[in-house]
Amino acid sequence: MECKYKIEFEEGAAQESVTYILVSEFSLKPNVLKAEIDGDGSGKMLISLKGEEDDIVEGMEKLKSMGFKVTEFEGHITHDMDRCFSCGACVSVCPTRSIYHDKGTWIVKINTGTCIGCGSCLGACSVKAINLVI
Amino acid sequence: MVINVAKTYEEINEKIRAKKAVVYTAEEVVDLVKKKGVEKAAEEVDVVTTGTFGAMCSSGAFLNFGHADPPIRMTNILLNDVQAYGGLAAVDTYIGATQMVEAPKTGYGGAHVIEDLVAGKRIHLHAWGPGTDCYVRKNIDTYISLDDINEAYLYNPRNIYQNYGVATNTSDRTIHTYMGKLLPKMRNATYSSAGQLSPLLNDPHCDTIGIGTRIFLAGGEGYVSWQGTQFKTTVEEVNGVPVGGSRTMALIGDMKQMDAKYLRGLDITGYGTSLAIGVGVPIPILNKDVMQRCAISDEEIFAEMVDYSLPTGRTPMARYNYAQLRSGTVEYQGKKIRTSSMSSYAGARDVAETLKDWIDNGEFLLNKPCLDLPKEGKLKGLKERSE
Ligand code: SF4
Ligand code: SF4
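In this report, we go over the structure that sits alongside the text.

Procedures and definitions
- Residue positions are counted from 1 within each chain, in the order its sequence is given.
- Throughout, the order in which chains and ligands are written sets their labels, letters from A for the former and numbers from 1 for the latter.
- For this predicted model, a pLDDT threshold of at least 70 governs which residues receive local features, and a threshold of 80 or more governs which side-chain atom pairs are given and counted, while totals over whole chains, interfaces and linings are taken from all residues.
- As a convention, hydrogens and water are excluded, and side-chain values are obtained from all of the structure's heavy atoms.
- Runs of H or I in DSSP of at least four residues are treated as helices and runs of E of at least two as strands, each being numbered from the N terminus.
- Only protein chains enter the calculation, and the probe is 1.4 Å; a residue is then buried if its accessible area is under 20% of its type maximum, exposed if over 50%, and partly exposed in between.
- Residue contacts are counted whenever heavy atoms from the two residues lie within 4.5 Å of one another.
- C-alpha atoms define the radius of gyration, and 2.2 Å times the number of residues to the power 0.38 defines the globule rule.
- Throughout, the Shrake-Rupley method with a 1.4 Å probe supplies accessible areas, and for residues the shown protein chains are the sole cover considered.
- The near set for a molecule or strand comprises every residue that places at least one heavy atom within 4 Å of it.
- Any residue that is not Ala, Val, Leu, Ile, Met, Phe, Trp, Tyr, Cys, Pro, Asp, Glu, Lys or Arg is counted as polar, Gly included; the first ten are nonpolar and the last four charged.
- Salt bridges are defined as contacts in which a side-chain nitrogen from Lys or Arg sits within 4 Å of a carboxyl oxygen from Asp or Glu.
- At least two bridges found by DSSP between two strands is the condition for calling them paired.
- Axis definition: a line fit to C-alpha positions, over the contact stretch in the case of helices; interaxial angles, taken between N-to-C directions, run 0 to 180 degrees.
- Using a 1.4 Å probe, buried area is obtained as the accessible area two parts lose upon being combined, added over both of them.
- Every patch collects residues that have over 30% relative accessible area and no salt bridge, joining them within 9 Å if they carry like charges and within 5 Å if they are nonpolar side chains (Val, Leu, Ile, Met, Phe, Trp, Tyr).
- For the purpose of charge, His is not counted, nor are the chain termini; Lys and Arg are scored as positive and Asp and Glu as negative.
- A single reference atom marks each charge: NZ on Lys, CZ on Arg, CG on Asp, CD on Glu.
- To estimate how far a helix should reach, multiply one less than its number of residues by 1.5 Å.
- The arc in question is traced by the directions running from the helix axis to the C-beta atoms.

1. Things to note about the overall build of chain A
Part 1 of the reasoning: A tally of regular secondary structure across chain A gives 2 helices and 8 strands.
Part 2 of the reasoning: Projected onto the principal axes, the alpha-carbon positions of chain A cover approximately 45 × 35 × 20 Å.
Part 3 of the reasoning: The 134 residues of chain A split such that 45% are buried.
Part 4 of the reasoning: Long-range pairs, those at least 24 residues apart, make up 64% of the contacts in chain A between residues at least 6 apart in sequence.

2. A word on the overall build of chain B
Part 1 of the reasoning: What chain B contains, in helices and strands, is 8 helices and 26 strands.
Part 2 of the reasoning: Its C-alpha atoms give chain B a radius of gyration of 22 Å, within 12% of the compact-globule value 21 Å for 387 residues.
Part 3 of the reasoning: Seen through its C-alpha atoms, chain B measures out along the principal axes to roughly 75 × 60 × 40 Å.
Part 4 of the reasoning: Out of the 387 residues in chain B, the part that is buried amounts to 57%.
Part 5 of the reasoning: As displayed, chain B has an accessible area near 16700 Å², and 48% of this comes from carbon and sulfur atoms.

3. A look at the site of ligand 1
Part 1 of the reasoning: Neighbouring ligand 1 are I77, C94, P95, T96, I99, C115, I116, G117, C118, G119, S120 and C121 of chain A.
Part 2 of the reasoning: Here the residues of the shell around ligand 1 are counted per class, giving 8 nonpolar, 4 polar and no charged.

4. Describing the site of ligand 2
Part 1 of the reasoning: Near ligand 2 you find 13 residues, and of these C84, C87, G88, C90 and C125 of chain A are the closest.
Part 2 of the reasoning: Looking at the shell around ligand 2 residue by residue, the classes come out as 10 nonpolar, 3 polar and no charged.

5. Some words on the pattern of salt bridges
Part 1 of the reasoning: Enumeration over the complete set of coordinates arrives at 22 salt bridges over all chains.
Part 2 of the reasoning: A salt bridge links K128 of chain A to D267 of chain B; the shortest N-O distance between them is 3.0 Å. Within this pair, whereas K128 of chain A is found in the loop between β7 (108-110) and β8 (130-132), its partner D267 of chain B is found in strand β20 (residues 263-268), the two belonging to separate chains.
Part 3 of the reasoning: Across the pair R214 of chain B and E221 of chain B runs a salt bridge, and its minimum N-O distance is 3.6 Å.
Part 4 of the reasoning: Look at the salt bridges and you will find they share partners, linking K7, K15 and D46 of chain B into a network.

6. What about the pairing of strand β16 (residues 220-227) of chain B?
Residues and elements named next belong to chain B.
Part 1 of the reasoning: Pairing of strand β15 (residues 214-217) with β16 involves 4 bridges; the strand directions are antiparallel. If you follow F216 over to β16, its bridge partner there is E221.
Part 2 of the reasoning: In this structure, β16 lies alongside strand β19 (residues 249-254), joined through 5 bridges in antiparallel fashion. The residue of β19 that forms the bridge with Q227 is M249.

7. Overview of the environment of L33 of chain A
Residue and element names in this part refer to chain A.
Part 1 of the reasoning: Take L33: it is sitting in strand β2 (residues 29-37).
Part 2 of the reasoning: Separated by 43 residues in the primary sequence, L33 and H76 have C-alpha atoms spaced 9.8 Å apart.
Part 3 of the reasoning: Beyond its immediate stretch of four places on either side in the chain, L33 contacts K4, L46, I47, S48, H76 and I116.

8. What about helix α4 (residues 110-118) of chain B?
The periodicity of an α-helix, 3.6 residues per turn, causes residues three or four places apart in sequence to face the same way.
Residues and elements named next belong to chain B.
Part 1 of the reasoning: Taking burial as the measure, the 9 residues of α4 include 9 buried ones, the bulk of the element.
Part 2 of the reasoning: The complete set of buried residues in α4 reads G110, A111, H112, V113, I114, E115, D116, L117 and V118.
Part 3 of the reasoning: Just downstream of α4 lies G120, where phi reads positive at about 85 degrees.

9. Quick word on the side chain of S297 of chain B
Part 1 of the reasoning: With respect to the element layout, S297 of chain B can be found in the loop between α6 (288-294) and β23 (302-307).
Part 2 of the reasoning: For S297 of chain B, the residues in contact, after removing those within four places along its chain, are V30 and Q196 of chain B.

10. A look at the sheet that holds strand β3 (residues 43-50) of chain A
Residue and element names in this part refer to chain A.
Part 1 of the reasoning: The antiparallel open sheet is built from 4 strands, whose spatial order is β2-β3-β1-β4. Pairing within the sheet leaves two strands with one partner each, and these edge strands are β2 and β4 (69-73). Within the sheet, the average angular offset between the axes of one strand and its neighbour, ignoring direction, is 20 degrees.
Part 2 of the reasoning: Inspection of the sheet shows β2 paired to β3 by 8 bridges, in the antiparallel sense. Bridge pairing links E36 to K44 in β3.
Part 3 of the reasoning: Relative to strand β1 (residues 2-9), helix α2 (residues 53-65) is tilted by about 5 degrees, and along the sheet it contacts β1, β3 and β4.

11. Let's talk about the sheet that holds strand β14 (residues 188-191) of chain B
Residue and element names in this part refer to chain B.
Part 1 of the reasoning: Pairing is mixed in the open sheet, where 6 strands are placed in the order β24-β23-β11-β14-β26-β25. Unpaired on one side and paired on the other, β24 (318-321) and β25 (329-332) mark the two borders of the sheet. Across the sheet, the mean angle separating the axes of adjacent strands is 35 degrees when strand polarity is ignored.

12. Describing the interface of chain B and chain A
Part 1 of the reasoning: Taken together, the contacts link 25 residues of chain B with 26 residues of chain A.
Part 2 of the reasoning: Buried surface at the junction of chain B and chain A, summed over both partners, amounts to about 2000 Å²; 47% is from carbon and sulfur atoms.
Part 3 of the reasoning: Interface area lost by chain B to chain A is led by K181, R264 and R338 of chain B, which between them contribute 30%.
Part 4 of the reasoning: Between the two partners, chain B and chain A, sit 2 salt bridges.

13. Some words on a negative patch on the surface
Part 1 of the reasoning: Where like charges cluster on the molecular surface, the negative patch consists of E10, E11, E36, D38 and D40 of chain A.
Part 2 of the reasoning: Examined against the element boundaries, D38 of chain A turns out to sit in the loop between β2 and β3.

14. Description of α2 of chain A
Residues and elements named next belong to chain A.
Part 1 of the reasoning: When the terminal C-alpha atoms of α2 are compared, their 19 Å separation across 13 residues agrees well with the 18 Å that a helix rising 1.5 Å per residue should span.
Part 2 of the reasoning: Within α2 the residues assigned to the buried category are I56, G59, M60 and L63. For α2, the angular spread of buried residues about the axis comes to 95 degrees, placing them on one side. In α2, the exposed positions angled more than 90 degrees off the buried face are occupied by D54 and S65.
Part 3 of the reasoning: Backbone geometry just downstream of α2 places G67 in the positive-phi region, at approximately 100 degrees.

So, in structure tokens, the structure goes:
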């Protein structure tokens with residue numbers, strides 16, 4: 001299975017140690033979707049994990065015990081359907097083709113599962129209907 | 001036997017009043033005409049409804065605030081810190097969609113003031129005047145809402161463009177235009193017409209649409225008040241419709257009837273503010289020629305792609321129909337280009353369907369135009385002279 005987590009940390013070099021632990025101790029396949037690190041070394045990263053369900057749960061427990069804040073999330077993007085008027089301006093700027101027109105209704109939708117949080121669509125939307133969680 | 005259908009406005013309105021009119025949207029009628037043929041369809045259908053919901057920059061509103069006690073002749077007017085025109089009578093103003101909020105604020109403009117008013121929000125009015133013997137007051141600082149001002153009507157000098165270009169970017173950097181975010185090296189292209197649903201593509205020579213035509217304007221009733229600015233009839237036609245921006249309409253409508261669902265204040269990155277409006281025009285099926293033109297489909301309507309990275313001399317690079325554009329990708333010299341629409345097809349459909357419901361329910365009668373739109377119009381450029 002595949003799950004996504006937001007991992008927040010207070011210290012530097014966390015990115016390497018986190019992925020190392022997940023690979024070597026829990027046989028998981030981590031994919032860092034996005035990382036933000038502040039000057040003092042603290043920061044957060046969005047990570048997608050592939051592996052057995054038990055391994056994922058245990059891996060996350062381990063990170064928590066090491067002092068990381070771990071939150072599971074579905075997508076790292078929010079789409080305000082009241083503001084959005086389905087113009088479609090954002091559709092062609094998404095590198096992962098996560099934004100699409102529903103073929104029946106032509107309403108614009110976002111597949112939060114494949115969104116990598118790159119932010120390319122944010123400036124394309126003239127009503128600020130899309131926001132990133134991170 | 002060929003039946004020569006000819007209906008009048010009166011006959012159609014009679015049917016609407018009796019809730020017996022047969023109404024189709026411009027999208028639904030495509031299949032009907034294919035199936036039954038234009039003669040039969042013209043006999044059966046009374047009205048075709050069209051719709052579009054996209055940015056229409058040349059839009060704005062006339063407002064009358066009413067007089068305070070003591071009264072003021074406003075010459076400098078701010079609405080939520082957006083400048084409104086101070087050159088009309090004492091408490092009249094015009095607020096334009098593209099007027100931006102005073103710096104350092106950003107991301108808000110006249111279009112948002114209009115949307116907020118229609119949404120029922122209070123707007124901060126701050127105005128100054130010279131102070132005269134008849135209008136002694138020099139400033140006022142208050143809040144207004146749509147309910148407590150006298151008149152509020154949209155008057156848009158140029159709306160519902162008959163077709164428009166397709167924008168792309170051949171340069172090495174992303175550019176931000178009123179046609180949206182254009183990625184480098186032609187990685188995407190944007191277009192903005194509702195195609196087969198678009199009002200002026202269904203009556204391309206304005207045989208039925210004229211001055212006085214009653215329309216759907218942002219959820220209320222509006223009218224075509226004049227030809228729009230930059231009205232032109234000189235663009236090449238394919239399948240009877242122009243392949244680029246051509247005719248336009250000036251529209252008017254009471255804001256107090258409108259629904260904020262059909263208005264969006266836009267903040268277009270790198271360009272400024274604009275107003276997206278839902279507009280629908282009913283087309284009376286007076287005869288089979290009118291029916292034939294309403295049956296046009298996305299496959300038959302073309303638009304030309306131009307390079308927005310060029311400051312001037314944007315010559316057409318390619319021509320695509322709206323079915324291709326709407327498919328999500330078009331090809332240019334063997335390369336795939338992803339496409340995005342700037343106007344909402346879902347919104348255009350909503351407008352056309354809502355207008356259809358109004359007519360079905362006998363709530364909306366057609367108004368016969370009192371004056372034809374010009375049969376010809378040419379575009380002039382601006383000359384730079386020393387005197
Ligand atoms: S953030 Fe990037 S990946 Fe996610 S929807 Fe927007 S453009 Fe697509
Ligand atoms: S650009 Fe904004 S308003 Fe347009 S479809 Fe995308 S999210 Fe919706």
